[in-house]
Amino acid sequence: WFHLMQNSSCVHGSLAMSRTLRHYAIYSCLLSVFCMLFAHWHNKLLMEAAGARDRRAPPGMLEKLQTCAYDEALFGDEEEKPHPSQCAICLGSWEQNDVIKVTPCGHAFH
């Protein structure tokens with residue numbers, strides 16, 4: 001674009017072609033700037049949305065969940081056992097002294 005604006009030999013050769021190329025160069029530069037601004041704005045919106053999301057449980061929610069102690073009869077991978085053998089969050093195995101919270105849908109965690 002800069003070379004088209006500075007080169008006078010193009011103007012003397014074909015005035016119509018020179019104007020067309022200049023307009024094309026200007027519009028393509030403007031479009032490129034617009035696209036970069038749009039991409040920056042879109043990225044900023046995504047980052048704000050990701051940072052603003054509060055994914056914590058509401059206050060008092062953990063106290064409302066069922067609490068149970070580890071029992072080999074309840075926890076395991078066998079079909080008759082209602083809860084899995086691992087914590088759904090940390091994927092660690094249960095131990096005898098664990099205090100386990102169970103969600104209404106049956107997921108268990110430390």
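Residues numbered from 1 in each chain as written. Predicted model: local features only at pLDDT ≥ 70, side-chain atom pairs only at ≥ 80, totals over all residues. Heavy atoms only, no water.

Caption draft 1: Molecular detail of the overall build of the protein. Of regular secondary structure, the protein possesses 4 helices and 3 strands. In sequence order, the secondary structure elements of the protein are arranged as α-α-α-α-β-β-β. Here the protein holds 110 residues, and the buried ones make up 15% of them. By sequence separation, contacts in the protein at least 24 residues apart represent 33% of the contacts at least 6 residues apart. Of the roughly 9100 Å² of accessible surface on the protein, 62% is carried by carbon and sulfur atoms. (Helix = DSSP H or I, 4+ residues; strand = E, 2+ residues; numbered from the N terminus. Buried < 20%, exposed > 50% of the residue type's maximum accessible area, 1.4 Å probe, protein only. Contact = heavy atoms within 4.5 Å. Areas by Shrake-Rupley, 256 points an atom, 1.4 Å probe, with all protein chains shown as cover.)

Caption draft 2: Seen up close, the pairing of strand β2 (residues 99-102). Sheet topology places strand β1 (residues 66-69) next to β2; 4 bridges connect them, and they run antiparallel. Bridge pairing in β2 links C68 to I100. As defined by bridge partners, β2 adjoins strand β3 (residues 108-109) across 2 bridges and the pair is classed as antiparallel. Paired with V102 across the bridge in β3 is A108. What sits between the antiparallel neighbours β2 and β3 is a turn of 5 residues, in which G106 has the positive phi angle 100 degrees. (Pairing = 2+ DSSP bridges.)

Caption draft 3: Region of the structure containing the packing of aromatic side chains. Applying the stated rule across the entire model yields 4 aromatic pairs. Feature note: the residues F34, F38 and W41 constitute an aromatic cluster, connected by ring pairs. (Phe/Tyr/Trp six-rings, centres within 6.5 Å; stacked < 30°, edge-to-face > 60°.)

Caption draft 4: Representation of the state of the cysteines within the structure. Counted according to the given criterion, the structure contains 0 disulfides. Counting only cysteine sulfurs, C87 is the nearest neighbor of C90, a cysteine outside any disulfide, at a range of 3.7 Å. (Disulfide = S-S within 2.5 Å.)

Caption draft 5: Quick look at the sheet that holds β3. An order of β1-β2-β3 is seen for the 3 strands of this open sheet, with the pairing classed as antiparallel. Edge positions in the sheet fall to β1 and β3, since each has one partner strand and no second.

Caption draft 6: View of the pattern of salt bridges. Throughout the structure, instances matching the rule amount to 1 salt bridge. Two residues, E78 and K81, come together in a salt bridge whose shortest N-O distance is 3.1 Å. K81 gets classed as partly exposed once you look at its relative accessible area, which sits at 22%. (Salt bridge = Lys/Arg side-chain N within 4 Å of Asp/Glu carboxyl O.)

Caption draft 7: Layout of the confidence of the model for the protein. Of the residues in the protein, 85% have a pLDDT of 70 or more, and the chain-wide mean is 82. Averaged pLDDT values for the elements of the protein fall to 57 in helix α1 (residues 2-6) and rise to 88 in β2. (pLDDT = per-residue confidence, 0-100.)

Caption draft 8: Representation of unusual backbone geometry. Of note, the phi angle at L91 is positive, near 60 degrees, even though the residue is not glycine. Tracing the chain through its elements places L91 in the loop between β1 and β2.

Caption draft 9: Just a nonpolar patch on the surface, in detail. A grouping of L31, F34, F38, W41 and L45 is seen on the molecular surface, where their side chains present a nonpolar patch of about 550 Å² in accessible area. Mapped onto the fold, L45 is located in helix α3 (residues 15-52). (Patch = residues over 30% accessible without salt bridge, like charges linked within 9 Å, V, L, I, M, F, W, Y side chains within 5 Å.)

Caption draft 10: Spotlight on the nonpolar core. Residues L65, C68, Y70, F75, C87, W94, I100, V102, A108 and F109 constitute the largest nonpolar core, which totals 10 residues. Going through the elements one at a time, β2 and β3 are the ones with two or more residues in this core. With sequence-adjacent residues up to four places away left out, C87 is seen in contact with G92, W94, A108, F109 and H110. (Core = buried A, V, L, I, M, F, W, Y, C linked by side-chain atoms within 4.5 Å.)

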